[in-house]
Amino acid sequence: MKLAGLSAIITGASQGLGLEIAKHYLQEGANVALCARDAKKLAEAQEELWLYAKNKAQLIAIPADVSKPEQVDLLVNAAMEAFGKIDILVANAGVYGPKGPIDEIDWDEWSQAIDINVKGTVLPCCAVLPHMKKQGYGKIIILSGGGATKPMPNLSAYATSKAAVVRFAETLAEEVGAYNIDVNTIAPGALNTRLLEEVLEAGPEKIGAAFYAQFLKQKQTGGTSLDVPAEFCVFLATSESDGITGKLLSVLWDPWQKFPSMIEQLKTSDIYTLRRIVPADRGENWGEIR
């Protein structure tokens, strides 16, 4: 079992990808603390997940809003009390937020999306870091996505927050590298989850005809299997990925199965990171001021 003896916290774990990651972690022998805002759905998820627990793995479920510091502290304290340590954090909780042009959407909804997606990533990281630093090891896996690398008109809260967590992960990776804590963000692919249904319900009037057609086609073709990003999250939680840190990794497009043999290259390269493009990168000479 790849994760035997390890303990993980997974946020946004009552459904969708978070639930699938929990299944894979339990099957690989990890202790898992589930977290989500909806206590009823979380209890149902916990009941379902008992079927996947292997090797006497422990499973607890703590309702929490990860954008609230006091609730995050309760979550982490509960995991520490149950497991005695925290080796892995999967920051998966996230929302699309309001849909429509920025000057027409509800500002409170926009701000709430930023709170959930950004603060709901940063706060769990802050809460687990003292424990990971003390033990001199840890894995932090943050869910990002296409919103980090390209404009997403009419989904500005989502795009803004997903770019923000990538730069946060890059920064945090440098802060905690001396403690053998790896921090990465992943783009999981086009998943058919509740977020997809939410966008389709908004309709082309709010998200634009092009995006609506894209998401509709995704639903019709089935999208990416949840099993694929969940397997990648298992890899990033194992010692095989030790030293891979500060990266934005695509589950579908990057050759992550080869990464264990490429550790030194990855350590010294800015490949798989957010960077500004300058004219020279595109073969242009615009007379930059040095």
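Throughout what follows, the structure given in this document is the object of discussion.

Let us now look at the overall build of the chain. Secondary structure assignment for the chain yields 10 helices and seven strands. Computed over C-alpha atoms, the radius of gyration of the chain comes to 19 Å, within 12% of the 19 Å expected from 2.2 N^0.38 for 290 residues, which places it in the range of a compact globule. Taken over the C-alpha atoms alone, the chain extends approximately 60 × 45 × 35 Å along its principal axes. For the chain, contacts bridging at least 24 residues in sequence account for 73% of all contacts bridging at least 6. About 14000 Å² of surface is accessible on the chain, with carbon and sulfur atoms providing 52% of the total. Averaging the coordinates of the 28 positive side-chain charges in the chain and doing the same for the 35 negative ones gives two points 3 Å apart.

Attention now moves to the pattern of salt bridges. According to the stated counting rule, one finds 10 salt bridges in the structure shown. A salt bridge links Asp87 to Lys85; the nearest nitrogen and oxygen atoms lie 3.4 Å apart. Owing to a relative accessible area of 5%, Asp87 belongs among the buried residues under this scheme. Note that Asp115 and Lys119 form a salt bridge whose closest N and O atoms lie 3.1 Å from each other. A residue pair is termed a helical-turn pair when its members lie 3 or 4 positions apart in one helix, as Asp115 and Lys119 do in helix α4 (residues 107–135) at four residues. Bridged by salt links that share partners, the residues Glu20, Lys23 and Glu48 form one connected network.

What counts and what doesn't
- Residues numbered from 1 in each chain as written.
- Predicted model: local features only at pLDDT ≥ 70, side-chain atom pairs only at ≥ 80, totals over all residues.
- Heavy atoms only, no water.
- Helix = DSSP H or I, 4+ residues; strand = E, 2+ residues; numbered from the N terminus.
- Rg over C-alpha atoms; globule rule 2.2 N^0.38 Å.
- Contact = heavy atoms within 4.5 Å.
- Areas by Shrake-Rupley, 256 points an atom, 1.4 Å probe, with all protein chains shown as cover.
- Lys, Arg positive; Asp, Glu negative; His and termini not counted.
- Charge placed at Lys NZ, Arg CZ, Asp CG, Glu CD.
- Salt bridge = Lys/Arg side-chain N within 4 Å of Asp/Glu carboxyl O.
- Buried < 20%, exposed > 50% of the residue type's maximum accessible area, 1.4 Å probe, protein only.

None of this, on its own, says anything about what the molecule does.
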